[in-house]
Amino acid sequence: MTTPDDHTLLRQAISLAAKARASGNPPFGSLLAGPDGTILAEEHNSTLTDNDVTAHPELKLARWAARELDAQTAAGTTMYTSCQPCGMCEAVIQWAGLRRVVFALSNEQLLDIRPGSSRPPVPQDGPALLDEVRAAVEPYYR
Ligand SMILES: Nc1ccnc(=O)[nH]1
């Protein structure tokens, strides 16, 4: 459920998407609104100008929140974003302790506009060297 107040902030995220495009980047924009609704930080996509495929606004904001917000503030902070976060960003939003995301365009709707990015799953080999890795890891948790 989204409210008229959500829509006001969502419109600002959409204007950040336009700003991304004007700066030579794909059109995605996001912002964080704190527990009282004030805007804490804004970002737009900079994947092309930064030459960094991970430079999504959602990721940059979640990392900012992880560094700058205490747990209680993070839990009361909402991310407003022009497009639903991708899997990469969703995980980082979760780790940062944010508890609500409001998006305009869904990932499914984005697929109708733009073909999906084809990044195949990365093969992972392991586990291996259990004794050696346990010696490095276990003392930390004891
Ligand atoms: N939700 C998003 C999809 C693609 N790129 C972005 O920056 N954000």
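Residues numbered from 1 in each chain as written. Predicted model: local features only at pLDDT ≥ 70, side-chain atom pairs only at ≥ 80, totals over all residues. Heavy atoms only, no water.

**Some details on the packing of aromatic side chains**
This structure, assessed with the given rule, holds 1 aromatic pair. Measuring from centroid to centroid gives 4.7 Å for Tyr140 and Tyr141, while their planes differ by 85°, and the two rings are edge-to-face. With respect to burial, Tyr140 and Tyr141 carry one shared label: exposed. (Phe/Tyr/Trp six-rings, centres within 6.5 Å; stacked < 30°, edge-to-face > 60°. Buried < 20%, exposed > 50% of the residue type's maximum accessible area, 1.4 Å probe, protein only.)

**Concerning the pattern of salt bridges**
Scanning all chains against the criterion turns up 4 salt bridges. Put simply, Asp6 and Arg100 hold a salt bridge, and the shortest N to O gap is 2.8 Å. Of this pair, Asp6 sits in helix 1 (residues 4–22) while Arg100 sits in strand 4 (residues 100–105), and the two are 94 residues apart along the sequence. Residue Asp6 is classed as buried on the basis of its relative accessible area of 3%. Arg100 sits in the partly exposed class, given a relative accessible area of 32%. Ionic pairing is found between Arg134 and Glu138, a salt bridge with its closest N-O pair at 3.0 Å. Remark: Glu138 and Arg134 occur in helix 6 (residues 130–141); sequence separation between them is 4 residues, near one turn of the helix. Residue Arg134 is classed as partly exposed on the basis of its relative accessible area of 40%. Using a relative accessible area of 29% as the deciding quantity, one classes Glu138 as partly exposed. (Salt bridge = Lys/Arg side-chain N within 4 Å of Asp/Glu carboxyl O. Helix = DSSP H or I, 4+ residues; strand = E, 2+ residues; numbered from the N terminus.)

**A look at the site of the ligand**
Taken together, Phe28, Asn45, His56, Pro57, Glu58, Cys83, Gln84 and Arg114 form the complete shell of residues around the ligand. Take Asn45: an N or O atom from its side chain is 2.8 Å from an oxygen atom of the ligand. Glu58 has a polar side-chain atom sitting 2.7 Å from a nitrogen atom of the ligand. Class assignment for the residues of the shell around the ligand results in 3 nonpolar, 3 polar and 2 charged. (Near = heavy atom within 4 Å. Polar contact = N/O pair within 3.5 Å; in protein donor to acceptor, adjacent residues only side chain to side chain. Nonpolar A, V, L, I, M, F, W, Y, C, P; charged D, E, K, R; others polar.)

**Observations concerning helix 1**
Spanning 19 residues, helix 1 covers 27 Å between terminal C-alpha atoms, matching the ideal 27 Å at 1.5 Å per step. Residues of helix 1 that are buried: Asp6, Leu9, Leu10, Ala13, Leu16, Ala17 and Ala20. All buried residues of helix 1 fall inside an arc of 110° around its axis, so they share one side. Away from its buried face by more than 90 degrees, helix 1 exposes Pro4, Arg11, Arg21 and Ala22. Residues of helix 1 that are buried make contact with strand 1 (29–33), strand 2 (39–44), strand 3 (78–83) and strand 4. Positioned one or two residues after helix 1, Gly24 has a phi angle of 90°, which is positive. (Expected span 1.5 Å × (residues − 1). Arc of directions from axis to C-beta. Contact = heavy atoms within 4.5 Å.)

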